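Coordinates in review
Below, each chain spelled out in residue letters.
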Amino acid sequence: MLRAGSTVTCIACKNLLPSRMGVKFRVPLQKLHLLSRAIHHRYSSNNNQQRPPHCSAARHYTSLSRLPMRPHKSRSGGHGYQQHRSFWVARLAARLLKLRYILLGSAVGGGYTAKKTYDEWKDMFPDMSQYTWIVPDFVWELSENIDLDKLASALPQLKEIAKLLPDMQKIGENFTFLKSLLSTESTGESTLRVADVPPTSAARSDSSDKQFKKQGLLSELVLIQQQIQQHEEEMRRAAADNAPPPPREPSPTPAPNPSPSQSERKSSDKEKIDQLQEELLRTQLKYQRMLERLEKENKELRKVVLQKDDKGIHQRNVKKSLIDMYSEVLDILSYYDSNYNTQDHLPRVVVVGDQSAGKTSVLEMIAQARIFPRGSGEMMTRSPVKVTLSEGPHHVAMFKDSTREFDLGKEEDLAALRHEIELRMRKSVKEGQTVSPETISLSVKGPGIQRMVLVDLPGVISTVTSGMAADTKETIFGISKAYMQNPNAIILCIQDGSVDAERSIVTDLVSQMDPQGKRTIFVLTKVDLAEKNLASPSRIQQIVEGKLFPMKALGYFAVVTGKGSSNESIDSIKDYEEDFFQNSRLLRDGMLKAHQVTTKNLSLAVSDCFWKMVRESVEQQADAFKASRFNLETEWKNNYPRLRELDRNELYEKAKNEILDEVISLSQVTPKHWESILQKKLWERVSTHVIENIYLPAAQTMNSGTFNTTVDIKLKQWTDKQLPHKALEVAWETLQEEFARFMAEYKGKDQDDIFDKLKEAVKDESIKRHKWNERAMDSLRVIQHNALEDRSITDKPQWDAAIQFMEETLQSRLKDTDSIISDMVGPDWKQRWLSWTNRTPEQHIRNETKNELERLLKLHEDHTAYLANDEVTTVRKNLEARGVEVDPVLIKDTWHQLFRRHFLQKALLHCNLCRRGFYYYQRHFVDSELECNDVVLFWRIQRMLAITANTLRQQLTNTEVRRLEKNVKEVLEDFGEDTEKKAQLITGRRVQLAEDLKKVREIQEKLEAFIEALHKEK
């Protein structure tokens, strides 16, 4: 096909190029490739230098794209032009047909060539099917288990990833601008430096300048540092040359006057020294300004980078910073009470000082925010405050036990933070105390903040004032010593420079805890006031050099923490501090060094010392906790080999689940069981009232109408006032007893005795909180009233059940009455003979009275319930005739019990007679001497008890059991949040051992993770 296409194409090309165009070819056109022929048609005519001008248009077309060429003809009128114009349609159609064949041939030829080339390349590759065993099987299964298209779509695009990277162009512009500023500042002073220094120093400076010239801004800083060292050496050399000679022995002859040349040389040396001091001061200030500008730029850049990292496109786990990991270990150790003397010797920065010495202000300057409450002369720091400082994109603060972030850039958040700290301090102070040893844990993050952990302690006082506890001074000393006795704690001793140094108490305390000064940093505050008030500024120099106090320190610093106003911002305080030291005599006269001033230098020095101490001591502490863990695990294996190591929280959760299971068991009690218990308990509660106040008074009436009227009135009064309340009391007591019964039954099933106190406390608190629904009493009163009004006994079984209920009740009451009479009269003759017991004199009197009253009842079986006065007198005289002195009250009491027994015996006989009285009841006892109204009364009482028990059961199962379960859950939640409550209710050596073991393991694991991260940072 290629040859055929080539042939067609070549014929078409020949037709397009007539012989009169004068084109000559060196190679036959048929033997050229398509692209070669195109190039040939375009450029081969360059060899013919005598080509006519009209052929130049043919060079701009290839054999694939240009239309067929036609000879140029003159358009100047005549027959030829008309003939050409009349056949233009035919010529155009012919040329289009030729172009179609050209394109078709080219496409066919190119496709065949491409296919042939692909086949050749494919044959060149080796057969990889024999090596598929090298790749694991799971690689081939990835495409089946993982949707690669979805995974690819979830990946971020390159544009989004590029947004996370810092703007390097902007960073470069900032450094370029900063370098240009520094170079312009340094040009004006370079000549002065070169003029003042000796030639060797100048040469050294030039060489250093050439060495660091290409290294940017850092080279400028190094150069300035070298110049500062050179100026200090020159000042020392000049001072040594100008020093007075050592004193000689006095000679009898007077010393000659110095010559004018010597005086001029001394004055010139003095002027040179002053000039060198001024130059040194200017260089130091310039060096300080450059460092501050660099730190500011670095702070802004880090803030931008951290913000971009914080706003990542995809959510990811944020790795904890090194200082946060260390702070977590300290938080755990603050609540750890070890029985194996594993003391907490991890480093902290302990801030101590006299009251109102400015230690809180120093800490705020380090944290770069006014975060602590303050007062004029009043004790504000009432408990230790642990502040963890770390770097972050936003300036925020957060408590350890809270998720709220306080934005330290907003004044309302700062006020809220100060208020919260003050509330926590006052809450931690117990009643009758002024300060508290409980630690408040706070973390502060922000750009450019130095990483460290500081503990702000209450200020040391010398006198206890009114309103303070008597032991406040000793308590503050004890808290301070407890923190400072840690051999790895860094003591930041704050001294007020505006007062006399002799009034300080904290310096003696610090010198006792750290006599060698190996971990103490001394800070002199309020230096601006000290410079104004002190007549001798050299006293400040003595303090900062450590010559005034007996205590020793690693370093001495002088700072200014504002003008004393609580409304000053951190930035204004920094500006005031910088302006003061720039214009201060102390720095200008060389009494203070540049690195000894400003809170910025202080925070850098404290941070370096803190991390140095951490690196030196953390591994030793990890080893100590490892040994403690081994001891605890050994004790557990020996004492509790078959028990899991459950700490107090885990044991509480286990007990919580058991208690909830017991509460749920209440809902599984059958309705029949509920109703039987409720009915029995309710009758026990109200039976005395029914017998004594309703049945007995009504039974004394003469006819059935009066009996029924009396019963109805008394039942109505009872229902309105007492019965509903008694029923609810019975239901509530029944619920409590069933709840306690289920807990006792569950206790027998592999119950751990360690939960007994907790379960008892939960039960008591839940019952105490539970209150019955008050609306249930009104509805229950209506139900009971309707039940007691019904007198219609529908069938014989109900009648028999009422008779049985009445008989059981009367027999129970008769038995109780016989027991009371037996106790009153003492043992009878059988008991006296068998048990060898005798009656007491009172029992003898009662026995004689009983016998006399029984004779009276035999004579009058239908006697009323009460004795008349004349009957009492007759009985008393009869007893006196037999030599028994008796009181009328005793006669009435004995009669009450005897008549009660007599009445119950008659009622039981009447009950037996009424067993066949249902027929007469249906006829309303017409034409019958038998009246069984008392049976109807007991049927009404029995039916009321059944209906009441059913109503209470429904209320229990539908409402009260659920409310009790809810109360139990609330009590468990409250106990779970109260650490002290759990510690009181779940006790024992096993619990304490598990607690210690858990904490030691957690501390060791966190320390090991911290050490690993610390080594990686190195």
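Residues numbered from 1 in each chain as written. Predicted model: local features only at pLDDT ≥ 70, side-chain atom pairs only at ≥ 80, totals over all residues. Heavy atoms only, no water.

1. Notes on the confidence of the model for the protein chain
On average, the protein chain scores 75 in pLDDT, and the residues at 70 or more come to 68%. Averaged pLDDT values over the elements of the protein chain bottom out at 39 in helix H2 (residues 34–43) and peak at 92 in strand S1 (residues 349–353). Considering only residues more than four positions removed or in separate chains, one finds that residues 181–215, a stretch of pLDDT under 50, has 34 contacts. Confidence over residues 311–318 falls short of pLDDT 50; this stretch has six contacts with residues more than four positions distant or in other chains. (pLDDT = per-residue confidence, 0-100. Helix = DSSP H or I, 4+ residues; strand = E, 2+ residues; numbered from the N terminus. Contact = heavy atoms within 4.5 Å.)

2. Some thoughts on the state of the cysteines
Tallied over the full model, the rule gives one disulfide. Disulfide partner of Cys 914: Cys 932, at an S-S distance of 2.1 Å. Because the torsion about its S-S bond is -100°, the bridge between Cys 914 and Cys 932 counts as left-handed. Here Cys 932 lies in the loop between helix H33 (918–922) and helix H34 (933–977) and Cys 914 lies in the loop between helix H32 (888–913) and H33, a separation of 18 residues in the sequence. Each member of the pair Cys 914 and Cys 932 is classed as buried. Considering cysteine sulfurs only, Cys 914 is the nearest to Cys 911, which forms no disulfide, with 6.8 Å between them. Residue classification places Cys 911 among the buried positions, given a relative accessible area of 0%. (Disulfide = S-S within 2.5 Å. Buried < 20%, exposed > 50% of the residue type's maximum accessible area, 1.4 Å probe, protein only.)

3. Points about the nonpolar core
In terms of nonpolar packing, the biggest core is built from 99 residues, with Tyr 695, Trp 718, Trp 799, Ile 941 and Val 968 touching the most fellow members. Top element by residues in this core is H34. It accounts for 17 residues. In terms of nonpolar packing, the next biggest core, distinct from the first, is built from 60 residues, Met 425, Ile 449, Met 452 and Val 618 among them. (Core = buried A, V, L, I, M, F, W, Y, C linked by side-chain atoms within 4.5 Å.)

4. Description of helix H28 (residues 796–825)
Its 30 residues place the ends of H28 43 Å apart at the C-alpha level, agreeing with the 44 Å of an ideal helix rising 1.5 Å per residue. With a side-chain oxygen positioned 3.2 Å from the backbone nitrogen of Gln 798, the residue opening H28 is Asp 795. Of the residues one or two after H28, Gly 826 is the one with positive phi, at around 85°. (Expected span 1.5 Å × (residues − 1). Polar contact = N/O pair within 3.5 Å; in protein donor to acceptor, adjacent residues only side chain to side chain.)

5. Here's the deal with the sheet that holds strand S8 (residues 520–525)
As summarised here, the arrangement of the nine strands in space is S4-S3-S5-S2-S6-S1-S7-S8-S9, forming an open sheet in which the pairing is mixed. Where the open sheet ends on each side, the last strands, each with one partner, are strand S4 (406–407) and strand S9 (555–558). In terms of strand pairing, strand S2 (residues 385–391) meets strand S6 (residues 452–456) through five bridges, oriented antiparallel. Residue pairing across strands places Val 387 opposite Leu 454, the latter belonging to S6. (Pairing = 2+ DSSP bridges.)

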